[in-house]
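Residue strings, one per chain:
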Amino acid sequence: MHYVSTRDHTTRVTAGQAIATGLSGDGGLFAPESLPHIDADFLNALTALSYEERAVEIMSLFLDEFSRDELLSFARKAYGTEKFPEGNAAPLKTLENGLHVLELWHGPTCAFKDLALQMLPHLLTASLKKNKEQRRVCILVATSGDTGKAALEGFCDVDGTNILVFYPKDGVSDIQRLQMTTQRGGNVGVCAVRGNFDDAQTGVKAIFSDTGLRERLDSAGYFFSSANSINWGRVLPQIVYYISAYCDLVAQGKLRQGDAMNVCVPTGNFGNILAAYYAMRMGLPIGRLICASNRNSVLTDFICTGSYNARRPFYNTLSPSMDILISSNLERLLFDFYGNDSDQIRQLMKSLNQDGRYTVTDDIAEKLKATFYAGCCDDEQTKKTIASVFSGYGYLLDPHTAVAFDVNARYKAETGDTTPTLIVSTASPYKFCKGVLSALGRDTHGRSDAELIDTLEEVSGVPAAQPLKAVRSMKERFDTVVGRGEMVEYVTKTLGI
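Residues numbered from 1 in each chain as written. Predicted model: local features only at pLDDT ≥ 70, side-chain atom pairs only at ≥ 80, totals over all residues. Heavy atoms only, no water.

**Quick look at the overall build of the chain**
So, step 1. Helices and strands together make up the secondary structure of the chain, namely 22 helices and 16 strands.
So, step 2. A compact globule built from 497 residues would reach a C-alpha radius of gyration of about 23 Å, and the chain, at 21 Å, matches this within 12%.
So, step 3. With 497 residues in all, the chain has 61% of them scored as buried.
So, step 4. Taking as baseline every contact in the chain between residues at least 6 positions apart, the subset at least 24 positions apart corresponds to 74%.
So, step 5. Summed over all atoms, the accessible surface of the chain reaches about 18200 Å², with 45% contributed by carbon and sulfur. (Helix = DSSP H or I, 4+ residues; strand = E, 2+ residues; numbered from the N terminus. Rg over C-alpha atoms; globule rule 2.2 N^0.38 Å. Buried < 20%, exposed > 50% of the residue type's maximum accessible area, 1.4 Å probe, protein only. Contact = heavy atoms within 4.5 Å. Areas by Shrake-Rupley, 256 points an atom, 1.4 Å probe, with all protein chains shown as cover.)

Below, the structure written as structure tokens:
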């Protein structure tokens, strides 16, 4: 299978090339030239397999350069008990008939990014060998909270790599910040950026498109790649857990093979829900994709109107990983919607870059509304949802998953749809202790997330994950803060070029 740039479909590369470079030189994202098809026989065959074995079968459909033995080795290293101690990388929790939660936070950094970022280092280093790449790769990451730590952990001391992570200075939780600034490893760097996530992401994209800097790196024996979801190697492992969850529901007798399920995803950069969309396009029986946003409701407005407008106020919310106004992976969705017409995508992205907005054609707007339901949830309603779900089910939500619960409830009330629903739970509630405890009616004034872990354990009776408790005693290594215009200097200084 080959991959093409969303902005120039004549740029055609192998999977290994797409994963190694991350972003096309024209600024586009690599997308599969076509999507493989799966059917009931394929899904039935997966049902008896482990998560690692399912990952091999699904990913091999997209990675014909990689042998099954290679992929199985990668999957066992990525999803085995050393990384996921409970023995199941993506467990399901059923709260009531037809309401299921896919818990994606049982990995080393307690967030859903682990499911992709434990696999990506293996895919990337293998791709470098297949490409006969002699240079050292410098991985640049912009994070709204969870990607940074997951990428740092995944690439820590991986041979032939450096990884530099940029996060918004005041836009992550205390625990998220500590997870990054205490990161071990000799090949890692962490830097705060004054501004919000979009400033960090725009800065990273500008570095990627800086021809002079790329040439300077090349002469020093480096090249850039990405661990953000702009990299196809990030999106592909996420397709796996949607297909795997469906197989688990069938195996548990909660769905019959061929029955549809809805999927509700708390959404920021659109990569997670894009993976669900790809699974649906491949043939997974998904009825409706429910896109849940917080007060930064740019995606809700776009899906409802067909007009994307990033020129709006930016809000710091209780769900910081979704505090995003420019959702990069929409580009891949629109590329598929427009039938891989890169001319259309190039014009839309030019408009976004110049004017901060674009509008799709009427037929695309109708297709959006037919495929997705979109809703948003402010902080007050997020807190109410955390409290009501804990009271009703004894189940503790983080603020991002609470947004999804609220939007899904509103969808059901508006439509009367009784299709069984899979709600994607993206992070441990212990990464956001202040917000969760506040929702449960406890005073958190003057205390940090890290200081409140024990309190939340006492209140909820739910134990915190050990990696989050351990971060409190670790020494911070990184304290650099830069403006967006200073990010290039940080990169060159850190790499010594």
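**Considerations on the sheet that holds strand S2 (residues 8-14)**
So, step 1. Across the sheet, which stays open at both edges, the three strands sit in the order S2-S1-S3 with antiparallel pairing between neighbours. The open sheet is flanked by S2 and strand S3 (30-32), the only strands paired with a single partner. Strand-to-strand twist across the sheet, computed as the mean angle between neighbouring axes with direction ignored, equals 40°.
So, step 2. Looking at chain direction, strand S1 (residues 2-5) and S2 are connected through four bridges and run antiparallel. Looking at S2, one finds that Ser5 is bridged to Asp8. (Pairing = 2+ DSSP bridges. Axes fitted to C-alpha atoms, helices over the stretch in contact; angles between N-to-C directions.)

**Re empty space enclosed by the protein**
Over the atoms rolls a probe the size of a water molecule, and in doing so it shows where empty space is left.
So, step 1. Counted by the stated rule, this structure contains three cavities of 30 Å³ or more.
So, step 2. Empty space within the largest cavity amounts to approximately 260 Å³.
So, step 3. Every element with two or more residues in the lining of the largest cavity is listed here: helix H7 (146-155), helix H11 (232-251) and helix H12 (271-282).
So, step 4. Its residues assigned to classes, the lining of the largest cavity comprises seven nonpolar, 14 polar and three charged. (1 Å grid on protein atoms, 1.4 Å probe; cavity = no way out; pocket = protein on both sides within 12 Å on 5 of 7 lines; lining within 4 Å. Points joined across faces, edges and corners; volume = space filled by probe spheres on them. Nonpolar A, V, L, I, M, F, W, Y, C, P; charged D, E, K, R; others polar.)

**Notes on helix H6 (residues 120-130)**
So, step 1. Residues of H6 that are buried: Leu120, Pro121, Leu123, Leu124, Ala126, Ser127 and Leu128.
So, step 2. Count one or two residues on from H6 and you reach Lys132, which has phi positive near 55°.

**Digging into the pairing of strand S4 (residues 92-96)**
So, step 1. Two strands pair when backbone bridges link them, and S4 and strand S5 (residues 99-103) are joined in this way by four bridges, in the antiparallel orientation. Within S5, the position partnered with Leu92 by the bridge is Leu102.

**Here we look at the side chain of Thr6**
So, step 1. Along the polypeptide, Thr6 turns up in the loop between S1 and S2.
So, step 2. Using a relative accessible area of 0% as the deciding quantity, one classes Thr6 as buried.
So, step 3. Setting aside residues no more than four positions away along its own chain, Thr6 makes contact with Gly28, Leu29, Ala31, Glu331, Arg332, Phe335, Ser342 and Ile345.

**Considering the nonpolar core**
So, step 1. Counting residues in each nonpolar core, the largest one holds 118 residues, and the members touching the most others are Ile239, Tyr242 and Ile243.
So, step 2. The biggest single contributor to this core is H11, with 13 residues.
So, step 3. The contacts of Tyr242, once residues within four sequence positions are left out, are Met261, Val263, Val265, Asn272, Ile273, Ala275, Ala276, Ala279, Leu284, Leu422 and Val424.
So, step 4. Membership of the second largest hydrophobic core comes to 38 residues, among which are Leu178, Ile386, Tyr411 and Val436. (Core = buried A, V, L, I, M, F, W, Y, C linked by side-chain atoms within 4.5 Å.)

Geometric descriptors of this kind do not, in isolation, establish any biological role.
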